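Listed here are the chains, written in short residue letters.
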Amino acid sequence: MRQGTLEIFVQTPKGSDGQPTKRPSVLVGHKGTHRLITPKKAMSALCIFIKEKKAIYLKEHPLAKTKEVNQALTEIWKSLSSEDKQPFEDKANHDRQRYLSQIKDQPKSSESQPAPEQRKKKKKI
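Residues numbered from 1 in each chain as written. Predicted model: local features only at pLDDT ≥ 70, side-chain atom pairs only at ≥ 80, totals over all residues. Heavy atoms only, no water.

What about the overall build of the protein?
Scanning the protein from N- to C-terminus turns up 4 helices and 4 strands. Secondary structure of the protein in N-to-C order comes out as β-β-β-β-α-α-α-α. Residue pairs at least 24 apart in sequence account for 48% of intrachain contacts in the protein once pairs closer than 6 positions are excluded. (Helix = DSSP H or I, 4+ residues; strand = E, 2+ residues; numbered from the N terminus. Contact = heavy atoms within 4.5 Å.)

Below, the structure is given as structure tokens:
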């Protein structure tokens, strides 16, 4: 696929079950120099908690700004017992394992990048 001078190459990595993963690896670059976009990073237990509880909090506080919502949910997180945090920590561990397996399956950057093209200098007249 081409957009102007930007070339985009999509590689869809296969998961452990042989099916394509949700986020494909993408090589993006200009004229022969490409960089590999890595898989989505793993979320922490706090981030998962905020993601799940944000909609509920916003229904109760519809005019709250994002910063206020995140601060309030972080305070709630700090006050939770370890038993209440456990489901979110389990989800975070599962997401971390997913990320590590996708990183392991990624080609190294030196293997995936083609050699850059030699640029010819234009002579000034």
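Remarks on the packing of aromatic side chains
Counting across every chain of the model gives 3 aromatic pairs. An angle of 50° between the planes, with centres 5.3 Å apart, marks the rings of Phe49 and Trp77 as tilted. Here Phe49 is found in helix H1 (residues 45-60), whereas its partner Trp77 is found in helix H2 (residues 66-79), with 28 residues between them in sequence. The exposure classification of Phe49 matches that of Trp77, with both residues buried. With 6.0 Å between their ring centres and 75° between their planes, Trp77 and Phe88 make a pair best called edge-to-face. Residue Trp77 is found in helix H2, and its partner Phe88 is found in helix H3 (residues 82-105); the two are separated by 11 residues along the sequence. (Phe/Tyr/Trp six-rings, centres within 6.5 Å; stacked < 30°, edge-to-face > 60°. Buried < 20%, exposed > 50% of the residue type's maximum accessible area, 1.4 Å probe, protein only.)

Side note on the packing of H1 against H2
Running from N to C, H1 and H2 cross one another at 120°; their axes reach a closest spacing of 9 Å. Between H1 and H2 the crossing geometry is right-handed. In contact with Ala45, Leu46, Phe49, Ile50, Lys53, Lys54, Tyr57 and Leu58 of H1, H2 contributes Thr66, Val69, Asn70, Ala72, Leu73, Thr74, Ile76 and Trp77. Tallied by class, residues from the contact of H1 with H2 come to 11 nonpolar, 3 polar and 2 charged. (Axes fitted to C-alpha atoms, helices over the stretch in contact; angles between N-to-C directions. Left-handed = near helix turned anticlockwise from the far one by under 90°. Nonpolar A, V, L, I, M, F, W, Y, C, P; charged D, E, K, R; others polar.)

Overview of the nonpolar core
In terms of nonpolar packing, the biggest core is built from 11 residues, these being Ala45, Ile48, Phe49, Ile50, Tyr57, Val69, Ala72, Leu73, Trp77, Phe88 and Ala92. Those elements that provide at least two residues to this core are H1, H2 and H3. Looking at which element gives the most residues to this core, the answer is H1, with 5 residues. Setting aside residues up to four positions removed in sequence, Tyr57 forms contacts with Ala64, Val69, Ala72 and Leu73. (Core = buried A, V, L, I, M, F, W, Y, C linked by side-chain atoms within 4.5 Å.)

With respect to the packing of H1 against H3
Interaxial distance between H1 and H3 falls to 8 Å at its minimum, and their mutual angle equals 115°. Our classification of the angle between H1 and H3 gives roughly perpendicular. Crossing of H1 against H3: the hand is right-handed. For the pair H1 and H3, contact is made by Ala45, Ile48, Phe49, Glu52 and Lys53 and by Phe88, Glu89, Lys91 and Ala92, respectively. Here the residues of the contact of H1 with H3 are counted per class, giving 5 nonpolar, no polar and 4 charged. (Parallel < 35°, antiparallel > 145°, perpendicular 65-115°, else oblique.)

The values are spatial; any link to function lies outside them.
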